[in-house]
Amino acid sequence: MDFLQPVLDGFGVVLAPTNLLYCLLGVVIGMLIGVLPGLGPAATIAILLPLTYGIDPVTAIIMLAGIFYGAQYGGTITSVLLRLPGEASSVVTVFDGYQLAKQGKAGTALGIAAIGSFVGGTIGIVGLTFLAPIVAGFALDFGPPEYAALALLGILLVATISNGSKTKALIAAALGLLLATVGRDVFTGAERFTFGNLDLADGIDFVPVAMGLFGLGEILYNLEERHRAAKAPAKVANVWPSRADLKQSSGAIGRGSVLGFFLGILPGGGATISSLAAYALEKKRSKNPERFGKGAVEGVAAPETANNAAATSSFIPLLTLGIPANATMALMFGALLIQGVTPGPQLVDQHPDLFWGVVNSMYIGNILLLIMSIPLVGIFVKILRVRAAILAPVTALITMLGAYTINNSMFDVVLVVAFGIIGYLMKKFGFEPGPLVLAFVLGSLLEANLRRSLLVLNGDLGGFFGRPISATLLVIFVFVAVWPMIQSLLAKRKANHALVTSTSQKAKETV
């Protein structure tokens, strides 16, 4: 009963008219952003961060959370109808969703996606409800050494699990760590990398970095990319899937929910990797893998379920450990700090209204998404006809105004422009900005706790291995760091063995 009371109180918080309205607003904006190719929830949350200053913390986070999980379904619409993923986690849905649309089954694909999204999201929320307080209780045993080890592991996972080139991810993460050191040293007061600029003395603020990399950078990049695709949308009919389709996709929905939930918790995991893993799993275990890519309903059900489950479970490390699992969670971390709330083990006890209000708002938001998903398809497809030349300048103007209103400082606007250019160049040359932002957030946590740990342990690094939790995290860190090298050595050994065997065989044949 002691556990149920705060959960029930959380429903009282979210059912307040203002919070309910902002929950609806968040999921509608999220769906809209998911439809617009390239912008994504991270960019939108970055742009809207300044607007949350005057809103109650619970209300603000409910709205931002709605944008995040709402965008996961919005990206499905254009993936199926236009072969144009509106959100990174919907890239995999293109493979089979668009093929179903070409076969006149666009409604079936969208219906399966809506059901899978609802099931995956709901399972993720139930898991979040029961697992988060346990993790938070466990995390109360964390001291500076544990947080230092956790931050170190998080940075490594972000750099190694990210999509694309691992080398580029490591470079981006290193740049984020460098930026985290700018400003006055909190232990000695010495200025670092400020070049005599007083505006940099207190360090680089998170919001201009996020607004530049994800907001302005995405706008500049998408202006270059969006002109490529003006496709006629497929017609939507027979939205509710048949019993056979539901039966065929039920296993994929179940497996996608579980896989997405656990991958979402991992730093560097999140919706995109979960959707890829779920699709690969279904294709691997299928008796007819050749069906995938030609219109298999499981190819829509699995990734759409997984990305929604992951979007929800990624709140667990943020709210309970204060560790953002992906780029969007890093922005949510910044939003909480702006509101004067520090995410971590104490959040459940110190701010139960915020914790349970946000968690329970996801139940409501998930139901709203299921109800709205199909009726709004026609409206969202029409929005795609708005020219980027009109949409981009308006979004850029909002970004700049938002940046200025943070501190009424032109320096923040200059920072947004500078990081916008960096973000554009990163996207242009295949660098994801996510590892940079995550390393920037985790870098400060790593440095502060590492130095505190060394003070507590009298400079003895071996003391990290004398504490069970920090020792376990460091062992995992070493394993993750070394595993790619082991894989490479095993692959070379296998190739050499195959070469020797082939040479020996040829020699025998010659004899």
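Just above sits the structure.
Residues numbered from 1 in each chain as written. Predicted model: local features only at pLDDT ≥ 70, side-chain atom pairs only at ≥ 80, totals over all residues. Heavy atoms only, no water.

J.: Help me understand the overall build of the chain in this model?
T.: Helix and strand counts for the chain stand at 21 helices and two strands. Per-residue burial for the chain yields a buried fraction of 53% across its 511 residues. Contacts in the chain between residues at least 24 apart in sequence constitute 78% of all its contacts with a sequence separation of at least 6. Element-wise, carbon and sulfur atoms account for 67% of the exposed surface of the chain, whose accessible area totals about 22500 Å². (Helix = DSSP H or I, 4+ residues; strand = E, 2+ residues; numbered from the N terminus. Buried < 20%, exposed > 50% of the residue type's maximum accessible area, 1.4 Å probe, protein only. Contact = heavy atoms within 4.5 Å. Areas by Shrake-Rupley, 256 points an atom, 1.4 Å probe, with all protein chains shown as cover.)

J.: How should the packing of aromatic side chains be read in this particular structure?
T.: Each aromatic ring pair is described using two quantities: the centre-to-centre distance and the angle formed by the ring planes. In the structure shown here, the tally under the stated rule is five aromatic pairs. Relative to Phe-315, the ring of Phe-68 lies with its centre 6.2 Å away and its plane at 55°, an arrangement referred to as tilted. Of this pair, Phe-68 sits in helix 4 (residues 57–82) while Phe-315 sits in helix 13 (residues 315–321), and the two are 247 residues apart along the sequence. Between Tyr-279 and Phe-292, the aromatic rings sit 5.6 Å apart at their centres with planes inclined by 90°, giving edge-to-face as the arrangement. (Phe/Tyr/Trp six-rings, centres within 6.5 Å; stacked < 30°, edge-to-face > 60°.)

J.: Hey, could you run me through the nonpolar core in this one?
T.: Nonpolar side chains tend toward joint burial in soluble globular proteins. The biggest cluster of nonpolar side chains holds 122 residues, and the ones touching the most others in it are Leu-64, Ile-204, Phe-214, Phe-315 and Met-332. It is helix 4 that contributes the most residues to this core, 13 residues altogether. Leaving out residues up to four positions away in the same chain, Leu-64 has contacts with Ile-45, Leu-49, Thr-52, Met-332 and Ala-335. (Core = buried A, V, L, I, M, F, W, Y, C linked by side-chain atoms within 4.5 Å.)

J.: Can you walk me through helix 19 (residues 410–428) in this structure?
T.: Think of an α-helix as 3.6 residues a turn; residues three or four steps apart then line up on the same face. Taking 1.5 Å of rise per residue, the 19 residues of helix 19 would be expected to cover 27 Å, and the 27 Å separating its terminal C-alpha atoms lies within 8% of that figure. Positive backbone phi, approximately 85°, marks Gly-430, located one or two places after helix 19. (Expected span 1.5 Å × (residues − 1).)

J.: Got a minute to help me understand the packing of helix 10 (residues 243–265) against helix 12 (residues 298–313) in this structure?
T.: Each pair of packed helices gets described by two things: the angle between the helix axes and the distance between those axes. Where helix 10 meets helix 12, the closest approach of the two axes is 7 Å, and the angle between their N-to-C directions is 30°. Comparing the axis directions of helix 10 and helix 12 gives the class roughly parallel. Along this stretch, helix 10 crosses helix 12, giving a crossing that reads as right-handed. Within the contact between the two elements, helix 10 uses Gln-248, Ser-249, Ala-252, Ile-253, Gly-256, Ser-257, Gly-260, Phe-261, Gly-264 and Ile-265 and helix 12 uses Glu-298, Ala-301, Ala-302, Thr-305, Ala-306, Ala-309, Ala-310 and Ser-313. (Axes fitted to C-alpha atoms, helices over the stretch in contact; angles between N-to-C directions. Parallel < 35°, antiparallel > 145°, perpendicular 65-115°, else oblique. Left-handed = near helix turned anticlockwise from the far one by under 90°.)

J.: Could you clarify how one ought to interpret the layout of surface pockets in this entry?
T.: The computed volume of the second largest pocket comes to approximately 910 Å³. Lining the second largest pocket are 38 residues; nearest its centre among them are Phe-333, Leu-337, Val-441, Ser-444 and Leu-445. Secondary-structure elements contributing two or more residues to the lining of the second largest pocket are helix 8 (166–180), strand 1 (183–184), helix 9 (206–225), helix 14 (327–338) and helix 20 (433–456). Per-element accounting of the lining of the second largest pocket gives the leading share, nine residues, to helix 20. Class assignment of the residues belonging to the lining of the second largest pocket gives a composition of 20 nonpolar, 10 polar and eight charged. (1 Å grid on protein atoms, 1.4 Å probe; cavity = no way out; pocket = protein on both sides within 12 Å on 5 of 7 lines; lining within 4 Å. Points joined across faces, edges and corners; volume = space filled by probe spheres on them. Nonpolar A, V, L, I, M, F, W, Y, C, P; charged D, E, K, R; others polar.)

J.: Got a minute to help me understand the side chain of Asn-19 in this structure?
T.: Within the secondary structure, Asn-19 is located in helix 2 (residues 17–35). There is a polar contact of 2.7 Å between the side chain of Asn-19 and the backbone oxygen of Val-13. Setting aside anything within four residues of it in sequence, one finds Asn-19 in contact with Val-13, Val-14, Val-58, Thr-59 and Ile-62. (Polar contact = N/O pair within 3.5 Å; in protein donor to acceptor, adjacent residues only side chain to side chain.)

J.: Quick question: what am I supposed to make of the pattern of salt bridges here?
T.: Side chains carrying opposite charge are able to pair once their charged atoms draw close together. Applying the stated criterion to the full structure yields nine salt bridges. In this structure, the salt-bridge partner of Arg-184 is Glu-191, at a minimum N-O distance of 3.8 Å. Accessibility expressed as a relative area gives 39% for Arg-184, which makes it partly exposed. A salt bridge links Arg-192 to Glu-447; its shortest N-O distance comes to 2.6 Å. Remark: Glu-447 occurs in helix 20 and Arg-192 occurs in strand 2 (residues 191–192); sequence separation between them is 255 residues. Each of the salt bridges in this network shares a partner with another, and the network as a whole consists of Asp-185, Arg-192, Glu-447 and Arg-451. (Salt bridge = Lys/Arg side-chain N within 4 Å of Asp/Glu carboxyl O.)

J.: Explain empty space enclosed by the protein to me, please; I cannot follow it from the model alone.
T.: The gaps of empty space that remain are located by a probe, the size of a water molecule, rolled over the atoms. Summed over all chains, the structure comprises three cavities of 30 Å³ or more. In this model, the second largest cavity occupies a volume close to 60 Å³. Every residue lining the second largest cavity is listed: Tyr-73, Ala-114, Ser-117, Phe-118, Asn-308, Asn-366, Leu-369, Leu-370 and Ser-373. Listing elements by their share of the lining of the second largest cavity, those giving two or more residues are helix 6 (106–139) and helix 16 (352–372). Broken down by class, the residue content of the lining of the second largest cavity amounts to five nonpolar, four polar and no charged.

J.: Looking at this structure, I do not really get the environment of Leu-49. What am I missing?
T.: With respect to the helices and strands, the residue Leu-49 is situated in the loop between helix 3 (40–48) and helix 4. C-alpha of Leu-49 to C-alpha of Pro-208: the two residues are 159 residues apart in sequence and 10.0 Å apart in space. Excluding anything up to four places from it in sequence, Leu-49 contacts Leu-64, Phe-206, Val-207, Leu-331, Ala-335 and Ile-338.

J.: Which parts of the structure should I look at to understand a nonpolar patch on the surface?
T.: The grouping of Val-478, Phe-479, Val-482, Trp-483, Met-485, Ile-486 and Leu-490 at the surface amounts to a nonpolar patch, some 630 Å² of accessible area in total. Residue position: Trp-483 is located in helix 21 (residues 468–510). (Patch = residues over 30% accessible without salt bridge, like charges linked within 9 Å, V, L, I, M, F, W, Y side chains within 5 Å.)

J.: Can you help me understand the side chain of Glu-304 in this one?
T.: Note on placement: Glu-304 falls in helix 12. Among the polar contacts listed, one links the side chain of Glu-304 to the side chain of Thr-93, at a separation of 2.5 Å. Once you skip the residues sitting within four places of it in the chain, Glu-304 turns out to touch Gln-72, Thr-76, Ser-90, Thr-93, Ala-113 and Ser-117.

J.: Before we go on, may I ask you to explain unusual backbone geometry in this structure?
T.: Negative phi characterises most residues that are not glycine, and trans characterises most peptide bonds. Non-glycine residue Phe-195 carries a positive phi angle of around 55°. Structurally, Phe-195 is set in the loop between strand 2 and helix 9. The phi torsion at Asn-458 lies on the positive side, around 55°, for a residue other than glycine. By the secondary structure assignment, Asn-458 is in the loop between helix 20 and helix 21.

J.: Can you help me understand the environment of Thr-44 in this one?
T.: Inspection of the secondary structure puts Thr-44 in helix 3. Separated by 167 residues in sequence, Thr-44 and Met-211 place their C-alpha atoms 8.8 Å apart.

J.: It is not clear to me how the environment of Phe-419 should be interpreted in this structure. Could you clarify?
T.: Positionally, Phe-419 belongs in helix 19. Sequence separation of Phe-419 and Gly-215 is 204 residues, and the distance between their C-alpha atoms is 9.5 Å.

J.: Even after reading the chapter, I still don't get the packing of helix 2 against helix 16, so can you show me in this structure?
T.: Interhelical geometry of helix 2 versus helix 16 gives an angle of 50° and a closest axis separation of 10 Å. Put simply, helix 2 runs oblique to helix 16. Crossing of helix 2 over helix 16 shows right-handed handedness. Two secondary-structure elements touch here, helix 2 through Leu-20, Cys-23, Leu-24, Val-27, Val-28 and Met-31 and helix 16 through Ser-361, Ile-364, Gly-365, Leu-368, Leu-369 and Met-372.

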